[in-house]
Amino acid sequence: MVNRDILDYTAVELSEKIKKGEFRVTDAVEAVFGQIAGTEEELHCYVTLEKDRALARAAGVQEQIDAGALTGPLAGVPFAVKDNLCTRGMRTTCSSKMLENFVPAYSAEAVLKLEEAGAVIIGKTNMDEFAMGSTTETSYFGVTRNPRNTAHVPGGSSGGSAAAVAARECFAALGSDTGGSIRQPASYCGVVGMKPTYGTVSRYGLVAYGSSLDQIGPLTKDVRDCAVILETIASHDEKDSTSMRRTDTDFSSALKEDVKGLRIGIPKDYLGRGLDPEVKSAVLAAAEVFREKGAVVEEFDLSLAEYAIPAYYTIAAAEASSNLERFDGIKYGYRAPETDELHLLYKRTRSQGFGPEVKRRIMLGSFVLSSGYYDAYYLKALRVKALIKKAFDQAFAKYDVILGPVAPTTAPKLGESLSDPLKMYLGDIYTISVNLAGLPGISIPCGEDAGGLPVGLQLIGDCFREKTLIQAAYTYEQEVK
Amino acid sequence: MANVIDDATIDYVGILAKLELSGEEREQAKKDMAGMLDYIDKLGELDTTGVEPMSHVFPVQNVFREDVVTNGDARDEILANAPAEKDGMFVAPQTFEG
Amino acid sequence: MAKQYETVIGLEVHVELATRTKIFCGCSTAFGGAPNTHTCPVCTGMPGSLPVLNKQVAEYAIGVGLATNCTITRYCKFDRKNYFYPDNPQNYQISQLYLPICRDGYVEIGLPAGATERKKRIGIHEIHMEEDAGKLIHDDWEGCSLVDYNRSGVPLIEIVSEPDMRSADEVIAYLEKLRMLIQYLGASDCKLQEGSMRADVNLSVREAGAKEFGTRTEMKNLNSFRAIARAIEGERERQIDLIESGKAVVQETRRWDDTQETSYAMRSKEDAQDYRYFPDPDLPPLCIDDAWLERIRERQPEFREEKRSRYRETFDLPDYDIDLITDSKHMADLFEATVALGAHPKKVSNWLMVETLRILKEKGLDPEDIAFSPEHFAALIDLTERKVINSTVAKKVFEALFDEDIDPVAYVEEKGLRTVNDEGALRGIVEQVLAENPQSVEDYKNGKEKAIGFLVGQTMKAMKGKADPAAVNKLLKELL
């Protein structure tokens, strides 16, 4: 047998080896930090790394494994967590100056679920500030580079999580997806990323951006890890009123190679203008793989795709403008110095504490909710959202899975996107409607462009149909590996 | 179409959002917002007559807690991140009412 | 001749609900904790925290809606009201604008004698649920404000009336009516002084007979009926003066300062009054179905009107007594519990109407503050009826009962307050009193009947109050 590097294992494989006694948990943590020592300076995947804490935790987890108390598939696995998920006693910044020194006294429910399963959180990953952005370039703490080509962005907003998995600086990571923020960086970095159905993972402890759109999900090396992690973090949480009671969260049971008779629809609008030809041919080649394996693949008109972006930015900005009001310099976070008039304190704190992209969205959101514009903008967007949901309902009456690209291009070069925000927003066109309709979506690697940058394939399912997606993604992955 | 955001509007939005913009940042914000609104105006092309605005995507209803005290005194944790604290309270600039 | 003006008044009444926990988290609503000791990430607006609705809040709100003849909104939602202020930790308040839980109700108020109608209907526009803000404490020494979030997230209902009131008397009658209904429901103790009931007054004036409403102002910070009456009078005069001098009334929010007896505008350039309400994405809607509504309806208590007629039939009490007792749910409950223990209804009523009300008045308390138990109350009445103690002693014991809820039986024994019914002992004292007061004996024998009163008093004094005055009287006559 060829001797594999410990970092080559997937999360589930690593845990197997640890439980068999082939590795210690500290070996895994040390290996990850060894890797970080070599690559992190250039990549900058993390905002915060906690090695001592991780090693202490690893020793505790090891004891529980040795005692037979921890037997699950993630026991002993080093994880990275996006920095908008609260971690008790560990700095949680949202990559913003506003929360530079914020240390929560509570952990996000998803983080608690991972820890219960024996995961070791090693640090917090870089992101676009408050998850607003598609490149991780809006971070107050500096950009993250794409491990596949460091002249390029890793995508965003969960860019640090995607890059950390791709660069083997962790075995798996959590991210959050409001408009594509897990799937798109997964695609750009060549890893697997999944956004589950809205309400599947508790949002408690996730610093809100667009509350009706946000979902937490995994970024992983393969589909098995993705299914196992999602199964671990999915829960009905009484602390999140929008969390769902589901009994079908045994997602790993869907790791089966079988797509015979699976009805797959490719929206024609997802292959049209703006789509890079190399991305298009990679996606169509993937569709061909499904056809060869017995799926029924056809193109159809989904319609409304072009309206998803304006509807999304109206709704997300409106919710964000309200969600981010709490950052005012009084209870926690940044406070402008030497300001003793109340409203001046608010204005200076927020103007100095937030970066330009956050301010842009807060202002837009405040405007679309303001007196005289609420109906024309905000309510109109909610009506369009209803139409988009209906279009998906109709599509899922005919198809089990919708297949398409994750993003119109592979990862752009650093600095290319920020100059024109509107253009950056247009990059979200294939991912955004999934959030508006609350649907699950998965991104899996499906090839590379001529420059060696990964291309992502997106599979979208009807609500609560994660298993269908996992089975299809797994089948594809096994076929092409 | 072709929205123009004037100074009064951007000042008003600054009051609502508690943001203070100056000089170049302010001019850029006017341009950006106008551009976004032009783009959002695209929604006007769709006929949404008779369509109910959808705020919650799933028909989840009646999610409650029972009226039972579950939290104890966590004052130290609550105040741990306060930029300024006095006598177990957060410190704000002087307010003249309340 | 001077123009006649009519005052048009609508009220926004905030009532703190009597739940054990806050509206969106499991923190206690108890008064009196040290600052910020009843707080958690939810009610201090920590990043990542989420609200979950306390079911009891919805049930109380529906109960009040039913009691005020409202239509219950079967599908209702929460909205965010966005404004920055330090007592509001999220800088938005979770409230209801678009679909409030109750709408289109009314209550009836009695009008003073001499009015053409006996009753007037005051419309209720809506009732909505919302969260209370924290408390700001002004630190003049440091020139800052300190924020305590113990009250942040305490559940409130806001009852918004139609502009149907025309005088301070009507406003107070309306508030008293609401207070009584809500107290009967047990949904709140409705104490104005303590802030568990708060009223904002919307007021405008118009020339008598005019059809259009004038421009209204909103007045806040009214924490007693007296302050409300004075603020209404003050604001009416202020608006009439403006109109008479040719100036316009400005629509604005004003704050009443009761010590200065004046109001001033709360205006700020930074206060845009544009609250950007939108449905709260963190809270799913409420769907109130028939079954739930029926369960709440069945649990509704007997309100005052029903109680009155039942008291008339069951207890054979005069209307005057019934009105006083049923004026407060707490008093009525105490009355019924005491009667249930075997006390005579009229005797219970007398103790409540005379001694209880006297002490309440002396101490400046509300009937809700009565803290003694019906068991001890019934025991005291029993001791009096069985003449174990006389009425003078009984009043003393009652004071101790009121203050400390003492057990009257033990108390009387311990303090040796029993009436002495031992004829021999009493006879000895009476003989001694007669011997010591020959002048009074003489007077009595000369037909001055009143002199016996003095002799009774002297005997009681010698007995340290522990004799039965009737027995003393009888014995005196016998010996004279």
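Quick notes on the rules
Residues numbered from 1 in each chain as written. Chains lettered and ligands numbered in written order. Predicted model: local features only at pLDDT ≥ 70, side-chain atom pairs only at ≥ 80, totals over all residues. Helix = DSSP H or I, 4+ residues; strand = E, 2+ residues; numbered from the N terminus. Rg over C-alpha atoms; globule rule 2.2 N^0.38 Å. Buried ≥ 20, exposed ≤ 12 C-beta atoms within 10 Å, placed from the backbone. Pairing = 2+ DSSP bridges. Contact = placed C-beta atoms within 7 Å. Axes fitted to C-alpha atoms, helices over the stretch in contact; angles between N-to-C directions. Expected span 1.5 Å × (residues − 1). Nonpolar A, V, L, I, M, F, W, Y, C, P; charged D, E, K, R; others polar. Domains from an automatic or database assignment. Core = buried A, V, L, I, M, F, W, Y, C linked by C-beta atoms within 7 Å.

Caption draft 1: Quick look at the overall build of chain A. Check the secondary structure of chain A and you find 15 helices and 11 strands. Its C-alpha atoms give chain A a radius of gyration of 21 Å, near enough to 23 Å, the size a compact globule of 481 residues would have. Taking the principal axes of its C-alpha atoms as reference, chain A extends roughly 70 × 55 × 45 Å. Among the 481 residues that make up chain A, the fraction classed as buried is 66%.

Caption draft 2: Spatial organisation of the overall build of chain C. Within chain C, the secondary structure is distributed over 15 helices and 17 strands. Expected size for 480 residues packed as a compact globule is a radius of gyration near 23 Å; at 29 Å, chain C overshoots this value by more than 25%. Sorting the 480 residues of chain C into buried and exposed places 43% on the buried side.

Caption draft 3: Spotlight on the pairing of strand S7 (residues 102-110) of chain C. Residue and element names in this part refer to chain C. Both strand S3 (residues 71-72) and S7 contribute to a ladder of 2 bridges, which runs antiparallel. Across the sheet, Ile-72 pairs through a bridge with Cys-102, a residue of S7. Summarising the sheet, S7 and strand S8 (residues 119-131) pair through 8 bridges and their orientation is antiparallel. Bridging across to S8, Ile-109 finds its partner in Lys-120.

Caption draft 4: How the structure looks around the interface of chain A and chain B. Tallying the contact residues gives 53 residues for chain A and 37 residues for chain B. Where the side of chain A that touches chain B is concerned, the elements lending two or more residues are helix H9 (305-323), helix H10 (342-353), helix H11 (356-369), helix H12 (374-398) and helix H13 (421-426) of chain A. Sort the elements by how many residues they give to the side of chain A that touches chain B and H12(A) lands first, with 11 residues.

Caption draft 5: Quick peek at the sheet that holds strand S10 (residues 441-448) of chain A. All names here are of chain A. The strand order S1-S3-S2-S4-S6-S5-S10-S11-S9-S7-S8 describes an open sheet built from 11 strands, whose pairing is mixed. If you trace the sheet from one side to the other, it starts and ends with strand S1 (46-49) and strand S8 (296-300), each paired once. When strand polarity is set aside, the average angle formed by the axes of neighbouring strands in this sheet is 30°. The pairing of strand S7 (residues 263-267) with S8 spans 5 bridges and is classified as parallel. Paired with Arg-263 across the bridge in S8 is Val-296. Most of the contacts of helix H5 (residues 159-166) go to strand S4 (residues 172-177), to which it runs at about 155°, and overall it touches S1, strand S2 (78-82), strand S3 (120-125), S4, strand S5 (192-195) and strand S6 (215-220). Strands S4, S5, S6 and S10 of the sheet are contacted by helix H7 (residues 223-233), whose axis makes an angle of about 150° with S6.

Caption draft 6: Geometry of the sheet that holds strand S16 (residues 278-279) of chain C. Reading across from one edge, S6-S5-S16 (chain C) is the order of the 3 strands in this open sheet, with antiparallel pairing throughout. Bordering the open sheet on either side are strand S6 (92-95) and S16 of chain C, each of which pairs with just one other strand.

Caption draft 7: Up close: helix H10 (residues 391-404) of chain C. Residues and elements named next belong to chain C. Helix length check: H10 (14 residues) gives 20 Å between terminal C-alpha atoms against 20 Å at 1.5 Å per residue, within 8%. Residues of H10 that are buried include every one of Val-393, Ala-394, Val-397, Phe-398, Leu-401 and Phe-402, and no others. Next to the buried residues of H10 lie helix H8 (345-363), helix H9 (374-385) and helix H11 (408-415). With its phi angle positive at about 50°, Asp-405 sits one or two positions after the end of H10.

Caption draft 8: The arrangement of the interface of chain C and chain B in detail. In this complex, chain C contributes 42 residues to the contact, which on the side of chain B involves 35 residues. For the side of chain C that touches chain B, the secondary structure elements donating two or more residues are strand S2 (53-54), helix H1 (55-67), strand S9 (135-139), strand S10 (144-148) and strand S17 (286-287) of chain C. Top contributing element to the side of chain C that touches chain B by residue count: S10(C), with 5 residues. Taken together, the residues that form the side of chain C that touches chain B break down as 22 nonpolar, 12 polar and 8 charged. Bridging between strand S1 (residues 64-65) of chain B and S2(C) involves 2 bridges; their strand directions are parallel. Bridge assignment links B:Phe64 to a residue of S2(C), and that residue is C:Leu53.

Caption draft 9: Molecular detail of the domain arrangement of chain C. Residues and elements named next belong to chain C. Domain annotation for chain C reports domain 1 (5-292), domain 2 (304-415) and domain 3 (423-479). Summarising the inter-unit geometry, the C-alpha centres of domain 2 and domain 3 are found 32 Å apart. With 4 residues of domain 2 at the interface, the matching set in domain 3 holds 4 residues. Taken together, the residues of the side of domain 2 that touches domain 3 break down into 1 nonpolar, 2 polar and 1 charged.

Caption draft 10: Examining the nonpolar core more closely. In this structure, A:Phe79, A:Val120 and C:Ala61 are the most contacted members of the largest nonpolar core, which totals 256 residues. Among the elements that make up this core, the one with the highest residue count is H9(A) (12 residues). In this structure A:Phe79 touches A:Leu114, A:Ala119, A:Val120, A:Ile121, A:Ile122, A:Cys170, A:Phe171, A:Ala172 and A:Ala173, once residues within four positions along its chain are discounted. Counting residues in hydrophobic clusters, the runner-up holds 31 residues, among them C:Val339, C:Phe377, C:Leu401 and C:Tyr411.

Caption draft 11: Structural detail: unusual backbone geometry. Following A:Gly156, the chain continues to A:Ser157 via a peptide bond in cis, the omega torsion being 10°. Within the secondary structure layout, A:Ser157 lies in the loop between S3 and H5. Of note in this structure, A:Cys94 is not a glycine but carries a positive phi near 55°. You can see A:Cys94 is positioned in the loop between S2 and helix H4 (109-116). A:Cys94 gets classed as buried once you count the C-beta atoms within 10 Å, which come to 33. Even without being glycine, C:Asn91 reaches a positive phi, approximately 60°. Summarising the element assignment, C:Asn91 is placed in the loop between strand S5 (79-82) and S6. Judged by the 21 C-beta atoms lying within 10 Å of it, C:Asn91 is buried.

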